Amino acid sequence: MAKKLVIKVTAGADAPERCSQAFTVAAVAAASGVEVSLWLTGESSWFALPGRAAEFALPHAAPLPDLIESIQAAGLITLCTQCAARREITEKDVLEGVRIAGAQVFVSEAMADGAQALVY
């Protein structure tokens, strides 16, 4: 089993099933003791903002705020630098514990020994 799981989610409300899958896999991995790093890019960037996850609904899926809480309890959530800039999101806007970082950090995490990267 990978020591670290790096997940990039590119979908938001525009592709709800793909979005929910990414958050669900990240939360299950974190609950299973896997080190998780979830990257919010594209339309998922909006979920870095307080209250936005509560607006997301998908039948038969766990609530996104609960999944985010589970991920943050045992892992890390990162908002893409360029995605944040395009949406005029700054560090003072995001949920507590969410960092903003760029491609260099993503590549470093994804290429680390024992890491497995997934993109949704």
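Residues numbered from 1 in each chain as written. Predicted model: local features only at pLDDT ≥ 70, side-chain atom pairs only at ≥ 80, totals over all residues. Heavy atoms only, no water.

A. Local environment of the pattern of salt bridges. Scanning the model with the defined rule gives 5 salt bridges in all. In this structure, the salt-bridge partner of Glu-109 is Arg-99, at a minimum N-O distance of 2.3 Å. Separated by 10 residues along the polypeptide, Glu-109 in helix α4 (residues 103-110) and Arg-99 in strand β4 (residues 98-101) bring together distant segments of the chain. With a relative accessible area of 9%, Glu-109 lands in the buried category. (Salt bridge = Lys/Arg side-chain N within 4 Å of Asp/Glu carboxyl O. Helix = DSSP H or I, 4+ residues; strand = E, 2+ residues; numbered from the N terminus. Buried < 20%, exposed > 50% of the residue type's maximum accessible area, 1.4 Å probe, protein only.)

B. Geometry of the sheet that holds strand β5 (residues 115-119). With parallel pairing, 5 strands are arranged side by side in an open sheet as β4-β3-β2-β1-β5. Looking at strand neighbours, the two that pair on one side only are β4 and β5, the edges of this open sheet. Across the sheet, the axes of successive neighbouring strands diverge by a mean angle of 25 degrees, strand direction being ignored. One ladder, built from 5 bridges, connects strand β1 (residues 4-9) with β5; its direction is parallel. Bridge pairing links Lys-4 to Ala-115 in β5. Packed onto the sheet, helix α1 (residues 16-31) meets β1, β2 (35-40) and β5 and runs at close to 165 degrees relative to β1. Here α4 sits on the sheet and contacts β1, β2, β3 (75-80), β4 and β5; the angle it forms with β1, its principal contact strand, is near 140 degrees. (Pairing = 2+ DSSP bridges. Axes fitted to C-alpha atoms, helices over the stretch in contact; angles between N-to-C directions. Contact = heavy atoms within 4.5 Å.)

C. Highlighting the environment of Trp-39. Tracing the backbone through its elements, the reader meets Trp-39 in strand β2. In this structure the C-alpha to C-alpha distance between Trp-39 and Leu-76, which are 37 residues apart in sequence, comes to 8.5 Å. Those residues in contact with Trp-39 that sit more than four places away from it in its chain are Val-6, Ile-7, Lys-8, Val-9, Thr-78, Arg-99, Ala-101, Gly-102, Val-105, Phe-106 and Glu-109. Within the local environment of Trp-39, its side chain forms a polar contact with the side chain of Ser-37, the two groups lying 3.2 Å apart. A polar contact of 3.1 Å, which involves the side chain of Trp-39, links it to the side chain of Glu-109. (Polar contact = N/O pair within 3.5 Å; in protein donor to acceptor, adjacent residues only side chain to side chain.)

Function-wise, these values are silent; they only describe arrangement.
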